[in-house]
Amino acid sequence: MDTAPPVRIAMWSGPRNISTAMMRSFGARPDTAVCDEPLYAHYLQETADRRHPGYEETLAAHDRDWRRVAEWLTGPVPGARAVFYQKQMAHHLLPSVGLDWLDGLSNCLLIRHPASVLLSLTEFFPDPTPSDTGLPQQLAILERIERQTGQPPVVVESRDVLTNPERMLSKLCDRLGIAFDAAMLQWEPGLRDTDGAWAPFWYRKVAETTGFAPYRPADVTLPDSLLPALEACQPMYDRLYSLRLQ
């Protein structure tokens, strides 16, 4: 009897989004293996001028060679699971990283309004750039897939997920060709063995959650210094938003 090939989901997000909550959601499925930002160590090695929280721990614990990482992501699925959910940060796709291996994945884009992303990034960096939001890289993924397939990848807006998790996750699973599982709506609190070495520095709030937090609109007022970055990001976000799963 033939066995269906595994579904490898690469969810390309910008930072300061619901990417970890989405990883928790898929990780609650009994048929799914998850991995956490597998290109982060390579990214930190190549951008040593910016010392992220958990910098040394990440470099010590994770593979810095993007080629080996790509081979692992497209190879046998951990635990021989039917689904391999890969939480990816789009800005980790530095120019040094080739993209051919993406062709073996079901690539999705997780977006959030750039004003919110930029403001949130200032908690760690005073001068975030458009590239730090992941939007240029997400747009590049979109255009690559459109050229190759004639169709855009799945685009998911974080606000839509928080507003109605069951509806949006059901639609996402349908597009990915997998069955929705209600287990995706709840998970146990705490950190996971599958979390990256940076989890103690970045995941304190997520570790307290047991499901998606309700969406709450916020008044986002950016300082004047970030307005040029927002102006550069807005058209990219608008293009992606127009294609979002509804």
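Before reading further, recall that the structure is shown in the block above.
Rules used in this analysis
- Residues numbered from 1 in each chain as written.
- Predicted model: local features only at pLDDT ≥ 70, side-chain atom pairs only at ≥ 80, totals over all residues.
- Heavy atoms only, no water.
- Core = buried A, V, L, I, M, F, W, Y, C linked by side-chain atoms within 4.5 Å.
- Buried < 20%, exposed > 50% of the residue type's maximum accessible area, 1.4 Å probe, protein only.
- Helix = DSSP H or I, 4+ residues; strand = E, 2+ residues; numbered from the N terminus.
- Disulfide = S-S within 2.5 Å.
- Phe/Tyr/Trp six-rings, centres within 6.5 Å; stacked < 30°, edge-to-face > 60°.
- Lys NZ or Arg CZ within 6 Å of the ring centre and 35° of its normal.
- Pairing = 2+ DSSP bridges.
- Axes fitted to C-alpha atoms, helices over the stretch in contact; angles between N-to-C directions.
- Polar contact = N/O pair within 3.5 Å; in protein donor to acceptor, adjacent residues only side chain to side chain.
- Contact = heavy atoms within 4.5 Å.

With that out of the way, let us pick up the nonpolar core. Soluble globular proteins: nonpolar side chains tend toward being buried together. Membership of the largest hydrophobic core comes to 29 residues, with the highest contact counts inside it found for Trp-12, Leu-39, Leu-93, Trp-101, Leu-109, Ile-141 and Leu-240. By residue number, the principal contributor to this core is helix 6 (residues 135-149), which donates five residues.

Moving on: the state of the cysteines. Per the stated rule, a full pass over the model turns up zero disulfides. No disulfide involves Cys-108; its sulfur sits 9.9 Å from that of Cys-173, the nearest cysteine.

Let us look at the packing of aromatic side chains. Aromatic ring pairs are defined here through the distance separating the ring centres and the angle between the ring planes. Here the structure, examined in full by the defined rule, presents seven aromatic pairs. A cation over a ring is seen here: Arg-244 above Tyr-241, with NZ or CZ 3.9 Å from the ring centre.

Turning to the sheet that holds strand 5 (residues 154-157), a few remarks are in order. Judged by pairing direction, the sheet is parallel, and its five strands sit side by side in the order 2-3-1-4-5 without closing on themselves. Looking at strand neighbours, the two that pair on one side only are strand 2 (32-36) and strand 5, the edges of this open sheet. Taking the axes of each pair of neighbouring strands and ignoring which way they run, one obtains an average angle of 20° across the sheet. Bridge count between strand 1 (residues 7-13) and strand 3 (residues 83-89): seven bridges; the pairing is parallel. Within the sheet, the bridge partner assigned to Ala-10 lies in strand 3 and is Gln-86.

The residue Leu-110 is located in strand 4 (residues 106-111) in this model. For the pair Leu-110 and Ser-19, spaced 91 residues apart in sequence, the C-alpha to C-alpha distance is 7.5 Å.

Here the focus is the environment of Trp-12. Mapped onto the elements, Trp-12 comes out in strand 1. In this structure Trp-12 comes out as buried when scored by relative accessible area, which is 0%. Sequence separation between Trp-12 and Asp-100 is 88 residues; the distance between their C-alpha atoms is 15 Å.

Before going further, it helps to examine the side chain of Asp-195. If you trace the backbone, Asp-195 turns up in the loop between helix 8 (165-176) and helix 9 (199-202). Accessibility expressed as a relative area gives 8% for Asp-195, which makes it buried. Polar side-chain contacts of Asp-195 include one of 2.8 Å to the side chain of Arg-24. Those residues in contact with Asp-195 that sit more than four places away from it in its chain are Met-23, Arg-24, Asp-36 and Tyr-203.

Let us now look at unusual backbone geometry. For Arg-16, which is not a glycine, the phi torsion comes out positive at approximately 60°. Inspection of the secondary structure assignment puts Arg-16 in the loop between strand 1 and helix 1 (19-27). Of note, the phi angle at Glu-37 is positive, near 45°, even though the residue is not glycine. If you trace the backbone, Glu-37 turns up in the loop between strand 2 and helix 2 (40-46).

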